[in-house]
Amino acid sequence: MKQAIEKIIGNGKVIDRKEELEKFSSDYSLVISKKPDMAIKVHDADDVLNVMLRLNEDGIVVYPSSSKVHFYGGTIPRREKAVVMDLSGMDRIHEIDEVNHWVHIEPGVTWGQLQRVLETKGFRCVMPLLPHPNRSVLMDYLEREQPTLCKFEYSEMIASMWVVWGIGEKFTTGSASINTFGQKGCFADGVNPQGPGTIDFWRLLQGSQGTFGIVTKGICKIEFIPSISKTIFFPADTLGQLLSPLYEMGRKYIGFERFLVNKASLSAILGGTHLRASLPNWVIINVLSGLPIGRPEEMVGYQLDYIQNELRNRFPQLTIGEKLKGAPNGIEEKLPEMLRKPWPDERMYWKHGNKSNCHEVIFITTLNRTPEFVEAFKEIASEFDYPKEDIGIYIQPIEDMRACQMTFMLPYNPNDDQELGIIREINKKSIRKFINKGGYFNRIYEGVGEVVYSLPRVQSYVNYIRRVKGLFDPNWILSPGKLCF
Amino acid sequence: MTTHYILETEVKEKLSQMRRNPYWQEAPDGAFKEMEEVVGSRWITKEKVARQAYCGRGYGFEQYSYLGLSYPPCIIVLPASTEEVAKIVKICNKYNLPYLPMSSGWMITAFPRHRPDMVLIDLQRMWEWKIDRENMVATLGAGVRYGHHCQGCMEYDLWFINTGGGSASCVIANTINYGVSPLNYRMGNAERRALSLEWVTPEGEIAYSGSWTQGEEGFWGDGPGPNLMGMLRGLDSWNGGMGIVTRMSLKVFPFLENATKVLVPEGITPDTHLSFKDTDRIRWINFQLPDRKSMEECIIEASHTQIGAAWTKVPVFWRYIAIAKDKEDFWEKWSGVNKEDIDNFHLLRTLFVGYTSKKQMEYELKVCEDIMKKYGGKERRTRPSDESWIKNADANGMYMMTNSYISTLGGQESLRCVFETGKRLGDLLSRHYEECFLPQKGDVGWWQSNDFGHSAYLEFMLYQNADYWDPISPFFNPEIHEKGLKWAMEVVSDVSNDTGACNFFGAFHHGLLYKGPNWSNFQVWVDRFKNEFDPDRLSNPPAPYDPEEMIESLPHGMLTKIRSYIRRAKRG
Amino acid sequence: MEMDKIRAKPEPVIFKLDLDLRNYHWEAKTCCNCAMCKYGDWTYVPSPEEYDFSWICPEWEWGVMDHYGTAGRTKIVGGLLAGDLAVDDPVLKEMVYRCHLCGGCDVSCKRNLDLEMLMMHEALMVHLVNAGMGPMPRHKILAERINRTGNYFGKEAKERMAWAKEGVKVAEKAGLLYFVGCYAAYKYPTIAKSVAKILNVANVPFMLMEGQGCCGYKLFTVGLLEDVTTAAKHTIRKINELGVKQVVTECADCYRMLKVEYPKVLNMATKDLGFEVLHIAEYANQLIKEGKIKVEKEFDEKVTYHDPCGLGRLSEPWIPWEGLRDAEDWGKLKPRREFRRGANGCYEPPRDILRSIPGIDLIEMRRHHFNAICSGSCGGVREAFPEQQAFLTDVRLREANYVGAETIVTANPRTLEVFEESLARMKIGGIRNSIREVKERFIGVEKSLGVISLNVKRVRDLASLLASAI
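Computed from a predicted structure; not experimentally measured.

### Examining the overall build of chain C
- A tally of helices and strands in chain C yields 20 helices and 10 strands.
- Radius of gyration (C-alpha) of chain C: 22 Å, near the 23 Å computed for a compact globule of 470 residues.
- For chain C, the C-alpha atoms occupy an extent of roughly 80 × 55 × 40 Å along the three principal directions.
- Residues counted as buried form 68% of the 470 residues belonging to chain C.
- Counting contacts in chain C only where the partners sit at least 6 residues apart, residues at least 24 apart contribute 80% of the total.
- Accessible surface for chain C amounts to roughly 15,300 Å². Of this, 51% is attributable to carbon and sulfur atoms.
- Taken as two groups, the 66 positive and 64 negative side-chain charges of chain C have centres that lie 2 Å from each other.

### Looking at the domain arrangement of chain A
All names here are of chain A.
- When cut into domains, chain A gives domain 1 (2–86), domain 2 (93–224), domain 3 (228–339) and domain 4 (354–443).
- The C-alpha-based centres of domain 2 and domain 4 are spaced at 29 Å.
- Domain 2 puts 12 residues into the contact, and the matching count from domain 4 is 10 residues.
- Overall, the association of domain 2 and domain 4 removes approximately 1,100 Å² of surface from exposure, summing both partners, and the carbon and sulfur fraction of that is 38%.
- For the pair domain 2 and domain 4, the number of links is 1 salt bridge.
- For Arg 443, the salt bridge is made with Glu 145, and the minimal N-O distance between the two is 2.9 Å.
- Where domain 2 packs against domain 4, one counts 5 residue pairs in polar contact (both at pLDDT 80 or more).
- Across the side of domain 2 that touches domain 4, the residue classes tally to 5 nonpolar, 2 polar and 5 charged.

### A few points about the interface of chain A and chain B
- Listed as interface residues are 97 residues of chain A and, on the opposing side, 99 residues of chain B.
- Interface area for chain A against chain B, summed over the two sides, is near 8,600 Å², with a carbon-plus-sulfur share of 54%.
- At the boundary of chain A and chain B, one finds 13 salt bridges.
- Notably, a salt bridge pairs Lys366(B) with Glu298(A), separated by 3.1 Å at the nearest N-O pair.
- Looking at the side of chain A that touches chain B, the elements that each hand over two or more residues are strand E9 (169–173), helix H6 (201–205), strand E10 (213–224), helix H7 (240–251), helix H9 (296–314), strand E14 (357–365) and helix H14 (459–472) of chain A.
- Counting residues per element, the side of chain A that touches chain B draws most heavily on H14(A), at 8 residues.
- Counted by class, the side of chain A that touches chain B contains 49 nonpolar, 27 polar and 21 charged residues.

### Let's talk about the sheet that holds strand E10 (residues 244–251) of chain B
All names here are of chain B.
- Ordered in space as E5-E6-E10-E8-E9, the 5 strands form an open sheet in which the pairing is antiparallel. Each edge of the open sheet is held by one strand with a lone partner, namely strand E5 (129–132) and strand E9 (206–209). For this sheet, the mean inter-axis angle between neighbouring strands, taken without regard to orientation, is 10°.
- Across the sheet, helix H5 (residues 82–95) lies against strand E8 (194–200), E9 and E10, angled at about 45° from E8, the strand it touches most.
- Sheet strands in contact with helix H6 (residues 146–154) are E5 and strand E6 (137–141), and its direction is about 30° off that of E5.

### So, the side chain of His352(A)
Residues and elements named next belong to chain A.
- Mapped onto the secondary structure, His 352 falls in the loop between helix H10 (331–339) and E14.
- Given the relative accessible area of 3%, His 352 is considered buried.
- Contacts of His 352, omitting those with residues within four sequence positions, involve Tyr 28, Phe 71, Asn 357 and Cys 358.

### Observations concerning the arrangement of the chains
- The interface with the highest contact count, out of 2 pairs of chains in contact, is the one between chains A and B.
- At the level of C-alpha atoms, the two units chain A and chain C stay apart, their nearest approach being 22 Å.

### Notes on the state of the cysteines
All names here are of chain C.
- This model, assessed by the stated rule, comprises 0 disulfides over all chains.
- Cys 309 takes part in no disulfide bond, and the closest cysteine sulfur to it belongs to Cys 378, at a distance of 3.7 Å.
- A relative accessible area of 4% means that Cys 309 is categorised as buried.

### A look at the sheet that holds strand E9 (residues 407–410) of chain C
All names here are of chain C.
- Reading across from one edge, E8-E5-E9-E10 is the order of the 4 strands in this open sheet, with parallel pairing throughout. Of all the strands in the sheet, the pair left with one neighbour each is strand E8 (360–363) and strand E10 (458–461). For this sheet the average axis-to-axis angle between neighbouring strands, irrespective of direction, equals 35°.
- In the sheet, E9 pairs with E10 via 4 bridges, with the strands oriented parallel. Bridge pairing in E10 places Val 409 opposite Arg 460.
- Each of strand E5 (301–306), E9 and E10 is contacted by helix H19 (residues 413–441), which is oriented at about 170° to E10, the strand it contacts most.

### Some words on the packing of aromatic side chains
- Within this structure, the stated rule accounts for 82 aromatic pairs over all chains.
- Looking at Arg457(A), its charged tip hangs above the ring of Tyr208(B), at a distance of 4.1 Å from the centre.
- Between the NZ or CZ atom of Arg247(B) and the centre of the ring of Trp212(B), over which it lies, the distance is 4.2 Å.

### So, the interface of chain B and chain C
- Residue-level contacts link 105 residues of chain B with 90 residues of chain C.
- Buried area between chain B and chain C, both sides added, is near 8,300 Å², and the carbon and sulfur share of it is 59%.
- Where chain B touches chain C, the interface holds 4 salt bridges.
- Of the charged contacts in the structure, one is a salt bridge between Asp467(B) and Lys29(C), with a shortest N-O distance of 3.9 Å.
- Looking at which element gives the most residues to the side of chain B that touches chain C, the answer is helix H1 (residues 8–18) of chain B, with 8 residues.

### Quick notes on unusual backbone geometry
- Residue Pro135(C) is bonded to the preceding Gly134(C) through a cis peptide linkage, with omega at -5°.
- Here the amide bond leading from Lys334(C) into Pro335(C) is cis, since omega sits at 0°, within 30 degrees of zero.
- Here Pro335(C) lies in the loop between strand E7 (332–334) and helix H16 (348–356).
- For Tyr253(A), which is not glycine, the phi torsion reads 55° and is therefore positive.
- If you trace the backbone, Tyr253(A) turns up in the loop between H7 and strand E12 (257–262).
- Overall, Tyr253(A) belongs to the buried group, its relative accessible area being 5%.
- The phi dihedral of Asp157(B) is positive, around 60°, even though this residue is not glycine.
- Relative to the elements of secondary structure, Asp157(B) occurs in the loop between H6 and strand E7 (158–159).

### Side note on the pattern of salt bridges
- Across all of its chains, the model carries 118 salt bridges over all chains by this definition.
- Residues joined by salt bridges that share partners form a network here, namely Glu399(A), Arg402(A), Arg192(B), Asp222(B) and Lys251(B).

### Some remarks on the packing of helix H13 (residues 225–242) of chain C against helix H14 (residues 252–265) of chain C
Residues and elements named next belong to chain C.
- Viewed as axis vectors pointing N to C, H13 and H14 meet at an angle of 120°, and their least axial separation amounts to 9 Å. Crossing hand, H13 versus H14: left-handed. For the pair H13 and H14, the contacting residues are Leu 225, Val 228, Thr 229, Ala 231, Ala 232, Thr 235, Ile 236 and Ile 239 in the first and Met 257, Leu 258, Tyr 262 and Val 265 in the second.
- Class assignment of the residues belonging to the contact of H13 with H14 gives a composition of 10 nonpolar, 2 polar and no charged.

Basis of the calculations
Residues numbered from 1 in each chain as written. Chains lettered and ligands numbered in written order. Predicted model: local features only at pLDDT ≥ 70, side-chain atom pairs only at ≥ 80, totals over all residues. Heavy atoms only, no water. Helix = DSSP H or I, 4+ residues; strand = E, 2+ residues; numbered from the N terminus. Rg over C-alpha atoms; globule rule 2.2 N^0.38 Å. Buried < 20%, exposed > 50% of the residue type's maximum accessible area, 1.4 Å probe, protein only. Contact = heavy atoms within 4.5 Å. Areas by Shrake-Rupley, 256 points an atom, 1.4 Å probe, with all protein chains shown as cover. Lys, Arg positive; Asp, Glu negative; His and termini not counted. Charge placed at Lys NZ, Arg CZ, Asp CG, Glu CD. Domains from an automatic or database assignment. Buried area = accessible area lost by both parts, 1.4 Å probe. Salt bridge = Lys/Arg side-chain N within 4 Å of Asp/Glu carboxyl O. Polar contact = N/O pair within 3.5 Å; in protein donor to acceptor, adjacent residues only side chain to side chain. Nonpolar A, V, L, I, M, F, W, Y, C, P; charged D, E, K, R; others polar. Pairing = 2+ DSSP bridges. Axes fitted to C-alpha atoms, helices over the stretch in contact; angles between N-to-C directions. Disulfide = S-S within 2.5 Å. Phe/Tyr/Trp six-rings, centres within 6.5 Å; stacked < 30°, edge-to-face > 60°. Lys NZ or Arg CZ within 6 Å of the ring centre and 35° of its normal. Left-handed = near helix turned anticlockwise from the far one by under 90°.

This is how it looks when you write it as structure tokens:
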């Protein structure tokens, strides 16, 4: 098989040495390690297509991998005799559309790489909270990482995509699907994510975790780098005190980057566990921004005015301000820039800083219910004597506070089997508990699928989505074992 | 002189020649009885009078391109719940009866265009409506319409788009199919507004998507895993050809506090409007730009500043519709307008909303002023009211001028793409096809900025003489009919293919098989999905297309070029 | 198929605004299904939570299925004219006569379009009668009674003016004729006396018509065109013989008949009647403005006003028209015509009267002015389909209740009757029954169905109320 593949993509592109395959066999997740038989390093969409066709012939199972670092087990094989398709080398940035504000990138393009290039043009990515610089931008969007930029009622972060379906067919989704796209005389810029035709391929691809097809290029949304920013902090003792202000700021479109963290998370972001002693229990961070066109100072001005004159009066018990007590000096100036770049490569990733790994329980709920989930999680953690003060909590409003993504972060030492065992148990228990409480898991990671896909109301979904998979990947070679496949 | 041009004998003769099926077809007794057990005798009928009432003649263009061949359904049934809908669909499957869902009946697909053996499932009893004000989510049943929904949202200081299709459109059906409004500027695409779904599949199963898969609250969509809604809603719509969505939760959006005191219905018909009682917090403003280039550049820059709630350019003759007392008045006024007037008239219509505060609106207006100064835009007198986009979207007013109307292109792409496409269509229409339609005199259509300029939308509408296009009418004009069909089916498609403005009215105007090969052969996937989930073609055939039926039913509506495309298109 | 062979040589097309159904093929074929005939003006529709208060078409709200509404009816007319549907279909008759001819659809449609939906409905009833298929059996009995006795109730004709025998000053001859409706004459004589009192107090001499009969409203609204035409000719002649310049009535139906439907069936203009037709609401309002009557008594009540169809949207003067619909010029009508869109109905005078009475707190229902739903009493529905009428009146009364009214005021005695009956039902638990009936139809409506306490205490006639207050 190696020779057959090398014939397609060239020599030296297929890795089958055990030590080199290590990096594909495990990651920061709880997924049990399994080594693939080989890793295929593809260069472009034609490689992907031709490889897929060949793998289909023999029914060889394949797991695509785009990022250089993995947190959720996505690329670890779930079957024997599997291969990994490594797309990290497909890292070209094809075009920056400065008129419509999009960028055309391949799946191997990482946050670090992309942001460095965009900055030169005055643009920024729409980023989740301090992503790892070596994570694939496209993959993070497809995995539903929520951006900190929750100001907009977002249409998609990705518009059109180029994909190779599991069946071994190339396809383009969205408005770039016109056959003459990019040619002279064609005015399409690929900025409509819908279709083509009656299927919304976008919606089927997102969240599919590489089980329907392999995305080989995508058109992603970008925004201006603000020319002015002002960070406002809303510290509080209890989470309950911050719900109303957060709702209101969403309704009133105040701020660009806006999120809520507890002290454990914030200390990890700002420099370490030693800060926990001085930081408030909870804080909303809201970055008011002015765009480089228009009247940036005034743009910040009216938002600040609202905070100072309305929110302060309505929430007198909160110490709303431009400085955060207990935080390192100058953090209010540093934060906006921090939030518009990925985590610095040279530093240990902030989630791992405490114990070198961190498990996340991620789900969607409504803000008003978050305190219940916090209490429930703490109860579970204490059943296993997991230190409460280590639990990082991050609440990301989605689109102006319509719902929020809630993340519980559990730092742990992966080399300590006992700790690992505790984390697995907490994961399992919390998923069940949260689903029973009405939390919604739409990112199906380790431990989530077995609970979610056994729910009665999901059974029809499972039936139909499996049949959809049967259309895109009739030989079931793409990422079997993931989701409900 | 005749009283009217239709004499019964003439019509009967024509129809008997045109119809390929008997007009009335009876459903199997067993099917009727089983459905009656599901809904109760009050909510099902096979009386001819009732069936005739559900026999539409289409939505403008279609009534003619399909030769007005609409048949009455064989059964009409009004279920009250998703479970009842599912049982009905299962019965249809059992008896091999095609069915079609109808929410509002406002569009072509609400009527059985080609077949007299269809069961019409009228969803208008499903009127659930709940709103979670805090989390900005509304839960709706299939019958709920935009007009009501918009009022309901405002009572909670929220709002929602009101679609170009009009207040009569049902929210769920429109969201699943189109969902375009100038308010898409901030409210995003329709598919992104939909959250959880409750769906009766073509097989009669009930499937959920979004947070309804895991609980009773519909606060989120997307998942678990891939989003099943992807099967239901692409660019083109299935128009009921992939089962029936009976319930949906949707986003609703922040609006002004005490909204119903700020936007107050006023006026006596026909001059009713939502009066803006606080123009420091909400205003429409019309700006006249000196030339097309300025207008285009202006909207790009304005979108980049992210100010406003809507930026749109409407066809000039819409303004004449708005001020006309009646059809004759419209024509009197419109006849005095020439191409040069259109070429020199560049009006941008903008909506500003002080979501945050009066100061926020002041800021946005200042930025707008800066932009207008740069591009030479002049503010024109604008009424402090809304007649067309917030609660009353009077799409039915489009029928006033000619009693027949259709949108031939609904394209969503970038601003430069919609600019170019509109220009070409306006130019081609005025130079070569104007005699077939209401003369638009080179107007480039309705376009708007979406999603803060990240994308844009163009709609190009046509208004044909209701009689010239009706084969039953003595005034039927086959030359104009054929030429007009050529425009609508070929020329618009060709322009759309050239410029890349993907057209979501493709399903019933041009046929997906005509378009598909130019757009990555998507028709292959449409076929695959249809073959997998509705192989017997029971869910609203022939939507979105059925090539065999189209070729057979449209003998002279199917032009040669289109036939050849359909025959050549790869199938899945 | 060769279309050329089918194409007939086009002839010019006459369009006449009369009750020949063939004139409404245009309506049948160009209805675009926009549902304004179902819900009225979108600008005014209420929230989905008040769904049962959002309908303009009473028949459709009762029946729900589309053949009960105008949009569906246009397809039925199209089917009849094309020969696809037989006129002797028994369901057809039953369905056609469920229409109240309230004009809600007509006015709503005309907000944006130029279609004559009410005319189509009226012509459809005439069509059925001409085909021997209408009206309903109970209408036939009623028509016979009216023709025989000259009144709706079948009572002695000479009793029509019995109310005027005492306490009322009637002139032998005057410039103003009081045309007394059957209901005021025979069922609610206090209303007739109230009208007289208003005029007497204002020192406005008025006369009565000897031998006055029924206006023929119930004959018209079931398609008995011949009978109505006879009544119209007779009544107009008699009024003109009296030499009066103005005719006032307390009944919205008589008002509609005299002002609009008589000219319609006689193909003449309202302005050519020879006299002006006024409702007592218009007349009395003018008297108040001129200071001829003074409102003194206080009524401490939360009042809502129900716009009767005949007095409101249907009351614009009739303008006959005949011309061409030029199919080769976009279907334009030639010559141009003026459309009756309901803009100038009598909406404000009744409200002005109510506002002039001290203590009255005037509250609007969700549906009001041109957008008011029929009480259910219009047309021949009450006689043929009493359960439909009762359902609709109950919904309307609940609407008044919902907005917090204690009193419903109307300016039409027949409407008063149905509201009184409805209120009586509500007082013995009918409110729950009405809610149940709506819930059976529309699944999910909650807010408007959540008010089960009854705050409406009474129904009043406008003239009677004013007479009590002066």
